[in-house]
Amino acid sequence: MDHLRRYPNEPRGLAQLGTIAMQLGALGQAEHFFRLSLKHGATSAEVHRNLGSILNQQERLDEALILFETLLKQEDDPALKVIIAVILDKLGRTEEAMALRQTLVDQSAENPFYWIALGHSLRAAGQVEDAINAYRAAIKADFECGEAWWGLASIKAPVFTDDDVAHMRQAIAVAVDVRNSAPAHFALGRALHDRGRFAEAFEHYAIGNRQRADSIGYDPNELTAEVTEVERTLNAASINKIPTASPQNDIPIFIVSLPRSGSTLLEQMLGSHAHIEPAGELPYIPAILRSAMESATKHGKVTVPHLIKNMNDRQASALGDEYLRRAKLHRKTDRPYFIDKLPHNWSNVLFIQRILPQARFIDIRRAPMDCCFSNFTQSFSSAHASSFVLEDVARCYVDYVRFMRHLSINVPGMVHHVEYERLIENAENELKTVLEYLELGWDPSMLDFHKLGRVVRTPSSEQVRRPLNRDGMDIWLPYSEWLEPLRKTLDGLII
């Protein structure tokens, strides 16, 4: 700091301040210092990379892409290609991402993570057999790579051989890093489940989850406190002050839920309607909220309910316009409605309503035991950190229901509720109630949702390409004797 007081525009010092801010998670400040550093003469690739990383973390994907592609023209660095492919994937430019990942595989076939990324792209595009081959190539390159085994396990069909089971056991035995052992345990659990060996399967699910929980350190009290504050501070009077808008063009439909609740299925159905475009899980609302919170906390401690209550119309409109600008990067049609189905937006509904008064919200809810256990058996990233402990995922479900109940009591009709099981049993009836809420007419194409050709980047990518089935119902029953912590925490929600 003394150096910058004497030389306030020295680019290396400004870049160092940017690095410190980035490490502290102050992304807005970090961007400010990196841009100042470049303005005053910084030329190093590291400063440009750090700025690109900040833009990427803020989900300003189009800006980040331009910067990283410029860097790639200057230096043929595989790490840049990896980042660019991820950004292209997020933007829905799957074919370009896949082509770039293919070049990485062609150049370095011994790198298992290149194969895994290619496998994910292929699977999302519906090329399941090619995805399986890519995951197997990753295993051939490094049989200890847990993410490769989980890639295979995530295929919604029994693909593991007895030799695979033996090799997974060997991989787990020699693994020294939980980033390998944890997903391998999840994969072995899936293989044993397919063989009906439920006690062994649960043991491996439990170990994988325990390893992930230990490495993440999730605190369920934070979500509980957040929902409690919403209940305390945002009542009918304050919520009804939030402006609403009549339908117009560019009407976002937010499908909100917990993960593994049927949101991908519902999106696929609604996305088959002539007036609705499915856009997938857009990362923009959490990123915009984070930036708004960072800006607001410059003047003191602020909570999300406080931010919502004190935001003026000009600020709200600017944030809403920024969301629509970013969402437009994913639009391929001029249909008036589009779907954003990022599950965790359920806790952001009131923020979304404040900045996008024309938004519509659909909450799809799966039976609690099925939903929570399905989360427990999925090798999620830290983005779904509640899923690694049975009590934690159950508490998340309870808090989610509590939040939705608060909205139903205080602003009835803001959110339309769909039960997954009813959707499976009588899709036409349930979909007609959704369309009534959206003020749209019936489209029979919605019942042929599995014929819709589109990229699906969720664990349900194969399921939504099949006709309706009951495969996701009562999946917890074979594991009932080990799920008392789940039942106890969900007490009152289980019928």
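Use the structure listed above.
Cut-off values and rules
Residues numbered from 1 in each chain as written. Predicted model: local features only at pLDDT ≥ 70, side-chain atom pairs only at ≥ 80, totals over all residues. Heavy atoms only, no water. Phe/Tyr/Trp six-rings, centres within 6.5 Å; stacked < 30°, edge-to-face > 60°. Helix = DSSP H or I, 4+ residues; strand = E, 2+ residues; numbered from the N terminus. Buried < 20%, exposed > 50% of the residue type's maximum accessible area, 1.4 Å probe, protein only. Lys NZ or Arg CZ within 6 Å of the ring centre and 35° of its normal. Pairing = 2+ DSSP bridges. Axes fitted to C-alpha atoms, helices over the stretch in contact; angles between N-to-C directions. Parallel < 35°, antiparallel > 145°, perpendicular 65-115°, else oblique. Left-handed = near helix turned anticlockwise from the far one by under 90°. Contact = heavy atoms within 4.5 Å. Nonpolar A, V, L, I, M, F, W, Y, C, P; charged D, E, K, R; others polar. Salt bridge = Lys/Arg side-chain N within 4 Å of Asp/Glu carboxyl O.

Our next topic: the packing of aromatic side chains. The geometry of an aromatic ring pair is captured by two quantities: the separation of the ring centres and the angle between the planes. This model, assessed by the stated rule, comprises 15 aromatic pairs. Taking 6.3 Å as the distance between ring centres and 40 degrees as the angle between the ring planes, the aromatic pair formed by F202 and Y479 counts as tilted. Within this pair, whereas F202 is found in helix α13 (residues 198-216), its partner Y479 is found in the loop between α24 (427-438) and α25 (484-489), the two being separated by 277 residues in sequence. The pair formed by F202 and Y479 is uniform in burial state, with each residue classed as buried. Among the aromatic residues, ring-to-ring pairing joins F198, F202, Y205, F373, F376, Y479 and W482 into one connected group. Above the face of the Y400 ring, R365 is positioned so that its terminal group lies 5.2 Å from the ring centre. Its end group placed over the ring of W442, K432 keeps NZ or CZ at 5.4 Å from the ring centre.

The next point concerns the sheet that holds strand β2 (residues 276-278). With parallel pairing, five strands are arranged side by side in an open sheet as β2-β3-β1-β4-β5. This sheet does not close on itself; its edge strands, each paired only once, are β2 and β5 (415-419). When the angles between neighbouring strand axes are averaged without regard to direction, this sheet yields 25 degrees.

Turning to the packing of helix α11 (residues 162-174) against helix α12 (residues 178-194), a few remarks are in order. How two helices pack is summed up by the angle between their axes together with the distance between the axes. One can describe the packing of α11 onto α12 by two numbers: an axis separation of 10 Å at closest approach and a directional angle of 155 degrees. On the basis of their axis angle, the class for α11 and α12 is roughly antiparallel. Relative to α12, the crossing made by α11 is left-handed. Here α11 contributes V165, M168, R169 and I172 to the contact with α12, which in turn contributes A184, H185, A187, L188, A191 and L192. In terms of residue class, the contact of α11 with α12 is built from eight nonpolar, one polar and one charged.

Under the definition given, this model contains 28 salt bridges. Here E59 and K90 are joined by a salt bridge, their closest N and O atoms 3.3 Å apart. Of this pair, E59 sits in the loop between α4 (45-57) and α5 (61-74) while K90 is found in helix α6 (residues 78-90), placing the two residues 31 residues apart along the sequence. Owing to a relative accessible area of 31%, K90 belongs among the partly exposed residues under this scheme.

This part takes up the pairing of strand β1 (residues 251-256). Within β1, six of the six residues are buried, which leaves the element mostly enclosed by the surrounding structure. Alternating positions in β1 separate into two faces, I251, I253 and I255 on one and P252, F254 and V256 on the other, with burial throughout. Pairing analysis gives four bridges linking β1 to strand β3 (residues 337-340), with the strands arranged parallel. Its bridge partner being in β3, F254 is matched across the sheet by D340. Sheet topology note: the β1/strand β4 (residues 360-365) ladder contains four bridges and is parallel. Residue F254 lies in a different strand from β4, and its bridge partner there is F361.

With respect to the secondary-structure elements, I364 resides in strand β4. Put simply, I364 and L423 are 59 residues apart on the chain and 9.4 Å apart in space, counted from C-alpha to C-alpha. Setting aside its immediate chain neighbours within four residues, I364 contacts I255, V256, S257, S261, G262, S263, L266, Y400, V418, Y420 and L423.

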